[in-house]
Amino acid sequence: MIQRLLTDTYPAAGAGPMVQVRKLSKHFGRVQALRELTFELRRGEVLGFLGPNGAGKTTTLRLLTGYLRPTSGQALVAGYDVHEQSLEVRRQLGVVSEDTPLSPEMTPLEHLQFVAELRRIDPRAREQRIGDAVEVCGLFDVLTRATGELSKGLRQRVGLALALLHDPAILLLDEPTSGLDPNQIRELRELIRAIGRHKTVILSTHVLSEVQATCSRVLIISDGEIVADGEPHALAAQHAGASYQLLVEGGHEDGAAIVAALRGLPGVEQVALAPLVGAGAMPPRGAVSVSVRALPDRTDLRRELFCCARDHGWVLLELHRPPATLEDVFRRLTAD
Ligand SMILES: Nc1ncnc2c1ncn2[C@@H]1O[C@H](COP(=O)(O)OP(=O)(O)OP(=O)(O)O)[C@@H](O)[C@H]1O
Ligand SMILES: [Mg+2]
C-alpha cells in the first residue's frame, strides 16, 4: 500500500536536481534573513535543515513554496522556477509546518476530501488516494473524529497525510515534531524515514537526534548563511574535533595540575574535569576523570595524551574517544 502512494516520483523536468537554490537573499525591512543562500538537493536525499532560532529556515522553506518572494536570487523546484512556474511547483511540493492549520470541527476524512478537491485529484482516483494516505499515516481509527479532539501527534499525521495526498516528489517539513512527546516524535520520525525512501525531503528541526537517525545529509545555517553541509557522520568528524575521556591517577599531582599539563599539549582545544560517575567500576581513590577536546583538524591525540601521562608519572587507567555528535557540530558552528 505504501508503495502505491509513495511512488518514486520522477519530475517532468527530468533527472536534474530536485531543489536548486541560487544566491537566494531575503530582507525583511532592515533584517537580512538570508544572505545569498546556495545549495542543491538531489533526488532521494533526505536533508536535515538545522540552525538556531531566527537562522532563516522557515524563510527558506517559504521561498521554496513561493509563499514569500526573494529580495534577490532564484529557486527552482524539480527544474521549475518557483515564481515563473508556480503551478508546477505546487504540484511537486508537499508541505507540513510546525502547526498544520486544521479546522477543529472537521474530521480528518473531511479534510482529506476537501484537499483532494482543492488539488483537483481525479475523482475516480480520489478514494484510493485518500485510503492510501490514511494507511501510510495510520489514521484509520480516527478518520471520523473531530480533528480538534485529536492529540497534537495525530494532528501532525493528518497534516502529513494532506501533504502526501497528491503524491508530491518533494516534501518540506518545518519542525513537524515540535511540541510532541517522545513517543509521538519517534512515531512521526519512523514515518518520515519510511517516506524518505521514496521522496526527496527537507526536514527542518531542532531535534538533532532526529536528524542523525533520519537524514542522509545535513545543512546547517546560521544568520542566513550556510555554515556546514554534508553527511552527518562526516560533519561530526570534520567540525567537532575529537574528544577524549581519561581516567588518571595523578600521584602527587592533583586534578588542577593534570588539567594544566594537558592544556599545554599541542592540538588540545579544551580540557575539563569530568564527574567520576559513569566512569565504569568504582574508580580508585585519587583518580580523576578528565575530558579533552582536540582542535578540529587534529584527529588523533591518543599518543600525545599517553606520553604526557608517562612523562608526569601518572597512571593512565582509561583512555577512550567517544564519537562526536551532531550536537557538538551544531554548538561549535552556531554559538555566538
Ligand atoms: N514576516 C517577517 N517579517 C519580518 N521579519 C521576519 C519575518 N519572517 C522572518 N523574519 C525574520 O527573519 C529571520 C529568520 O527567521 P526564520 O523564521 O526564517 O528563522 P527560523 O530559522 O525558522 O527560526 P526558528 O528556529 O525560530 O523557527 C529572523 O530574524 C526573523 O525575525
Ligand atoms: Mg522556523
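Residues numbered from 1 in each chain as written. Chains lettered and ligands numbered in written order. Predicted model: local features only at pLDDT ≥ 70, side-chain atom pairs only at ≥ 80, totals over all residues.

**Looking at the overall build of the chain**
Scanning the chain from N- to C-terminus turns up 12 helices and 14 strands. Taking the principal axes of the C-alpha coordinates as reference, the chain spans close to 80 × 45 × 35 Å. (Helix = DSSP H or I, 4+ residues; strand = E, 2+ residues; numbered from the N terminus.)

**Here's the deal with the sheet that holds strand S13 (residues 287–294)**
Across the sheet, which stays open at both edges, the 4 strands sit in the order S12-S13-S11-S14 with antiparallel pairing between neighbours. In this open sheet, the two strands that pair with only one neighbour each are strand S12 (268–274) and strand S14 (315–320). Across the sheet, the mean angle from the axis of one strand to that of its neighbour is 25°, orientation sign disregarded. In terms of strand pairing, strand S11 (residues 243–249) meets S13 through 7 bridges, oriented antiparallel. Residue pairing for S13: Leu247 is matched across the bridge by Ser289. Against the sheet, helix H10 (residues 255–263) contacts S11, S12 and S13, and its axis sits at roughly 165° relative to S12. Relative to S14, helix H11 (residues 302–312) is tilted by about 165°, and along the sheet it contacts S11, S13 and S14. (Pairing = 2+ DSSP bridges. Axes fitted to C-alpha atoms, helices over the stretch in contact; angles between N-to-C directions. Contact = placed C-beta atoms within 7 Å.)

**Digging into the nonpolar core**
Of all hydrophobic cores here, the largest spans 85 residues; its most connected members are Val77 and Ala161. Counting contributing residues per domain, this core is built from domain 1 (2–237) and domain 2 (243–320), each supplying no fewer than three. In this view, Ala161 contacts Leu112, Ala133, Val134, Cys137 and Leu139; residues no more than four positions away in its chain are not counted. (Core = buried A, V, L, I, M, F, W, Y, C linked by C-beta atoms within 7 Å. Buried ≥ 20, exposed ≤ 12 C-beta atoms within 10 Å, placed from the backbone. Domains from an automatic or database assignment.)

**Examining the domain arrangement of the chain**
What the domain assignment lists for the chain is domain 1 (2–237) and domain 2 (243–320). For domain 1 and domain 2, the distance between their C-alpha centroids amounts to 45 Å.

**Some points on the packing of helix H9 (residues 232–239) against helix H12 (residues 326–334)**
H12 packs onto H9 with a crossing angle of 55° between their chain directions and a minimal axis gap of 8 Å. In terms of axis orientation, H9 runs oblique to H12. The element H9 and its partner H12 pack so that their crossing is left-handed. In contact with Pro232, Leu235, Ala236 and His239 of H9, H12 contributes Leu326, Asp328, Val329, Arg332 and Leu333. Residues that form the contact of H9 with H12 fall into these classes: 6 nonpolar, 1 polar and 2 charged. (Parallel < 35°, antiparallel > 145°, perpendicular 65-115°, else oblique. Left-handed = near helix turned anticlockwise from the far one by under 90°. Nonpolar A, V, L, I, M, F, W, Y, C, P; charged D, E, K, R; others polar.)

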